[in-house]
Structure formats: C-alpha cells, structure tokens
Amino acid sequence: MKHTLSVLVKNRAGAVAEATDVFRRRGISFRSISCAETEDFDVSRLVLTVEDHEAELEAIADELRAQDVVATVEDLSRRDFVDRELVLVKVDVTRETTTQIMQVCEVFRASVIGMGQETMTVEMTGDTQKVDGFIRMLRPFGIRSLARTGVVAMKRGDDD
C-alpha cells in the first residue's frame, strides 16, 4: 500500500536531510519527495510517498516526532486528502503527429508551454495516476525529456 506522509519541519539548513535520514537508516526508498515553505516562512511541508512498510511507519513517525526539526507528522493515507504533482514533458513532434499530441493534451488538460522545430514542451498537473497515464500516452511519440515535481498533499476540508 502507498503511504503519503506530511511532515512539517523547521525551515533551516539540514532539516530535510535530518528528517529523511530516518528512512535511509531503515533502507526505505521514496516513491516521491517534495518540500517547500508553508504559509509560515519558518516552516516547510515535507511530503514523502513510500510503498509498503506499514509495519515500520508508526515507529518511523514516532522517531520523526522526536526530532528537534520536526513539528508534526501525519500519515495522510489514513485520511481524506488531495494530492497533485506537476510534470513537464518535451515530446518529439512532426507535422503528422502534432494534432494527435494536441488531442492527448486536451484530454489530460495539459498546456503547451513551448514549441520548437522538432519538439513540443507541455505541462500537466494531476494525481500520480493521471500523470502516469499522460506519460504513457506521450511515450509512443518519443519523449526527449521529462521532469516531475513529486507529490504535494494536504488534508481536505477545514482541518489544517
């Protein structure tokens, strides 16, 4: 099962490294990691996505909470939450494929942000499954370059 953890950390040098070291020591790889300032510039939200490891997650959360740099830890997988990621894709285009690629972009609500003689650069946001599907649809045309942000997430509703 996929778990999405939201960790509020102090916005200072080394805080992310210190928090993620808990996972490194246990040999757990991230499926996704992202971090940026919150509405409070002294605090950053670190969003980590891991597969499996349910048995270890509570111990990891406790270890994170004990760190000086960590304010809160939540396993969003146990709550109603919204998550998104951004993908930028540079895809090969020809006169024959431009219309098809534009149709794929329309279906996925992607935007063209750059055109060259041989490539088109597009951006799209969505949950991980939507981003994966978009990439799958563009792959046959030839992807020259791709960059993903990693998942950002928060609880739905009025809770912080």
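This is a predicted model, so every value here is computed, not measured.

Glancing now at a negative patch on the surface. A cluster of acidic residues, Glu-37, Glu-39, Asp-40 and Asp-42, forms a negative patch at the surface. Since its relative accessible area comes to 59%, Asp-42 is described here as exposed.

Here the focus is the packing of aromatic side chains. Throughout the structure, instances matching the rule amount to two aromatic pairs. On the basis of an interplanar angle of 55° and a centroid distance of 5.4 Å, the ring pair of Phe-108 and Phe-134 is categorised as tilted. Separated by 26 residues along the polypeptide, Phe-108 in the loop between helix H3 (98-107) and strand S6 (111-115) and Phe-134 in helix H4 (residues 128-138) bring together distant segments of the chain. On the accessibility criterion, Phe-134 (0% relative accessible area) is buried.

Moving on, we come to the pattern of salt bridges. Summed over the entire model, instances satisfying the criterion amount to 18 salt bridges. Of the charged contacts in the structure, one is a salt bridge between Lys-10 and Asp-68, with a shortest N-O distance of 3.3 Å. Of this pair, Lys-10 sits in strand S1 (residues 2-10) while Asp-68 sits in the loop between helix H2 (54-65) and strand S4 (70-75), and the two are 58 residues apart along the sequence. Given the relative accessible area of 37%, Lys-10 is considered partly exposed. Put simply, Arg-25 and Glu-63 hold a salt bridge, and the shortest N to O gap is 2.2 Å. With Arg-25 in helix H1 (residues 15-25) and Glu-63 in helix H2, this pair connects stretches of sequence that are 38 residues apart. Salt bridges linked by common partners bring Asp-21, Arg-24, Arg-25, Arg-26, Glu-56 and Glu-63 together as one network.

With that settled, the discussion passes to the sheet that holds S4. Sheet strands associate in pairs through backbone hydrogen bonding, adopting either a parallel or an antiparallel arrangement. The four strands lie next to each other as S2-S3-S1-S4, forming an open sheet whose pairing is antiparallel. Bordering the open sheet on either side are strand S2 (32-37) and S4, each of which pairs with just one other strand. Neighbour-to-neighbour, the strand axes of this sheet turn through a mean angle of 15°, independent of strand direction. Pairing between S2 and strand S3 (residues 43-51): six bridges, direction antiparallel.

Further remarks concern the nonpolar core. Val-7, Phe-23, Ile-60, Leu-64 and Val-70 are the most contacted members of the largest nonpolar core, which totals 18 residues. Secondary structure elements with two or more residues in this core: S1, H1, S3, H2 and S4. When neighbours within four sequence positions are excluded, Leu-64 is seen to be in contact with Val-7, Ala-19, Val-22, Phe-23, Val-70 and Val-73. Membership of the second largest hydrophobic core comes to 16 residues, among which are Val-93, Ile-101, Val-131 and Ile-135.

What follows is about the side chain of Thr-119. Within the secondary structure layout, Thr-119 lies in strand S7 (residues 119-126). On the accessibility criterion, Thr-119 (11% relative accessible area) is buried. In contact with Thr-119, other than residues within four places in its own chain, are Lys-90, Val-91, Asp-92, Val-93, Gly-114 and Arg-144.

Procedures and definitions
- Residues numbered from 1 in each chain as written.
- Predicted model: local features only at pLDDT ≥ 70, side-chain atom pairs only at ≥ 80, totals over all residues.
- Heavy atoms only, no water.
- Patch = residues over 30% accessible without salt bridge, like charges linked within 9 Å, V, L, I, M, F, W, Y side chains within 5 Å.
- Areas by Shrake-Rupley, 256 points an atom, 1.4 Å probe, with all protein chains shown as cover.
- Salt bridge = Lys/Arg side-chain N within 4 Å of Asp/Glu carboxyl O.
- Lys, Arg positive; Asp, Glu negative; His and termini not counted.
- Charge placed at Lys NZ, Arg CZ, Asp CG, Glu CD.
- Buried < 20%, exposed > 50% of the residue type's maximum accessible area, 1.4 Å probe, protein only.
- Phe/Tyr/Trp six-rings, centres within 6.5 Å; stacked < 30°, edge-to-face > 60°.
- Helix = DSSP H or I, 4+ residues; strand = E, 2+ residues; numbered from the N terminus.
- Pairing = 2+ DSSP bridges.
- Axes fitted to C-alpha atoms, helices over the stretch in contact; angles between N-to-C directions.
- Core = buried A, V, L, I, M, F, W, Y, C linked by side-chain atoms within 4.5 Å.
- Contact = heavy atoms within 4.5 Å.

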